[in-house]
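Chain and residue survey
Residues per chain, in single letters:
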Amino acid sequence: MSQTADWYIVSALVENKPGVLFRITNLFRARNFNIESITVGLTEQKDLSRMTITTKSDEKTLDQLVKQLRKLIDVVEVKVLDLDKAVYRELALIKMKAVDPTTRSEIMNYANIFRGNIIDIGKETITVEITGTPDKIDAFMNLVEQYGIAQLARTGVCALPRGVEL
């Protein structure tokens, strides 16, 4: 398993019903395990949802957590994705202060380089949408933090295995 800095993506297929998210996050809490990000959404099967959880851990602790997740009644399947064999993306909306035309132009140039979209321009702000790996989003934020980030919303990682793996 090739991972970076003990950062893992856990993909869980769960029954789409009330209380499942609570039970899973409560398991993390009970084990004093921090969730870096979590996304939940419907799958190609209407009665199932996919939870994508990112966390930092050592491999032994993560293995224990995965075993405990698999024991939960509403959990159909749990996998730790290999970062080299997965596609994963995150979306960020970043609102920055942009009072003068020079600042707006610079932010727009950075957004263009990062293949971002300008989704709103106000009198004193500009909002950029960036999609990519968490590292890409962090790199963009490091470039634009000098302008002042007024608001930030990140979705968390969404991931699937590459190729034919299901």
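Please refer to the structure higher up on the page.
The structure contained in this document is the topic of the report that follows. The written sequence of each chain sets the order in which its residues are numbered from 1. Owing to the predicted nature of the model, reporting of local features is limited to residues with pLDDT of at least 70; listing and counting of side-chain atom pairs is limited to 80 or more, with chain, interface and lining totals taken over all residues. Where side-chain values are given, they derive from all heavy atoms of the structure, hydrogens and water being excluded.

1. Overview of the environment of Ala30
- By the criteria applied, helices consist of DSSP H or I runs no shorter than four residues and strands consist of E runs no shorter than two, each listed in order from the N terminus. Mapped onto the fold, Ala30 is located in helix 1 (residues 20-30).
- Overall, Ala30 belongs to the partly exposed group, its relative accessible area being 47%.
- Along the chain, Ala30 and Glu145 lie 115 residues apart, while their C-alpha atoms are 36 Å from each other. Here the term buried applies to any residue with accessible area under 20% of the maximum for its type, exposed to any over 50%, and partly exposed to those in between, with areas from a 1.4 Å probe on protein chains only.

2. Considerations on the packing of aromatic side chains
- Aromatic rings from Phe, Tyr and Trp, taking only the six-membered ring of Trp, are treated as a pair when their centres fall within 6.5 Å; an angle between ring planes under 30 degrees marks them as stacked, one over 60 as edge-to-face, and anything in between as tilted. The tally for this structure, following the rule as stated, stands at three aromatic pairs.
- Ring centres 5.6 Å apart and planes at 70° place the aromatic pair Phe28 and Phe33 in the edge-to-face group. In this pair, the class of Phe28 matches that of Phe33, namely buried.
- Note on Phe114 and Phe140: the rings are 5.4 Å apart at their centroids and 70° apart in plane angle, and the pair reads as edge-to-face. Linking Phe114 in the loop between helix 3 (101-113) and strand 6 (117-121) with Phe140 in helix 4 (residues 134-144), this pair joins segments that are 26 residues apart in sequence.
- Given the relative accessible area of 0%, Phe140 is considered buried.

3. A word on the packing of helix 1 against helix 2 (residues 59-71)
- Where helix 1 contacts helix 2, the axes come no closer than 11 Å and their chain directions differ by 145°. Between helix 1 and helix 2 lies a crossing whose hand is right-handed. Across from Ile24, Leu27 and Phe28 in helix 1, the residues of helix 2 making contact are Leu65, Gln68 and Leu69.
- Split into classes, the residues belonging to the contact of helix 1 with helix 2 amount to five nonpolar, one polar and no charged. Orientation is described by lines fitted to C-alpha atoms, with helices fitted over the stretch in contact, and by angles between N-to-C directions that extend from 0 to 180 degrees. A crossing counts as left-handed when the near helix is turned anticlockwise from the far one by less than a right angle, and as right-handed when that turn is clockwise. Residue contacts follow a heavy-atom distance rule, with two residues in contact if any of their heavy atoms lie within 4.5 Å. Three residue categories are used. Nonpolar comprises Ala, Val, Leu, Ile, Met, Phe, Trp, Tyr, Cys and Pro, charged comprises Asp, Glu, Lys and Arg, and polar comprises the others, including Gly.

4. Digging into the side chain of Ser11
- Positionally, Ser11 belongs in strand 1 (residues 7-15).
- Once residues lying within four places of it in the same chain are set aside, the contact partners of Ser11 are Arg50, Met51, Glu77, Val78, Lys79 and Leu81.

5. Description of helix 3
- Between its first and last C-alpha atoms helix 3 spans 18 Å; for 13 residues at 1.5 Å apiece the expected length is 18 Å, and the two agree.
- Taken together, the buried positions of helix 3 are Thr103, Arg104, Ile107 and Ala111. Projection of helix 3 onto a plane perpendicular to its axis shows the buried side chains occupying an angular sector of 100°, all on one side. Exposed residues on helix 3 whose side chains face more than 90 degrees from its buried face are Pro101, Thr102, Asn112 and Ile113.
- Residues of helix 3 that are buried in the fold lie against strand 5 (86-97), strand 6, strand 7 (125-132) and helix 4.
- Residues adjacent in sequence count toward polar contacts only when both atoms are side-chain atoms; beyond that, a polar contact is any pair of N or O atoms within 3.5 Å, and within protein one must be able to donate a hydrogen and the other to accept it. The backbone nitrogen of Thr102 has a side-chain oxygen 3.2 Å away, supplied by the residue at the start of helix 3, namely Asp100. Working rule for helices: expected span equals 1.5 Å times residues minus one. The reported arc concerns the directions from the helix axis to the C-beta atoms and nothing else.

Read these as spatial facts, not as claims about activity.
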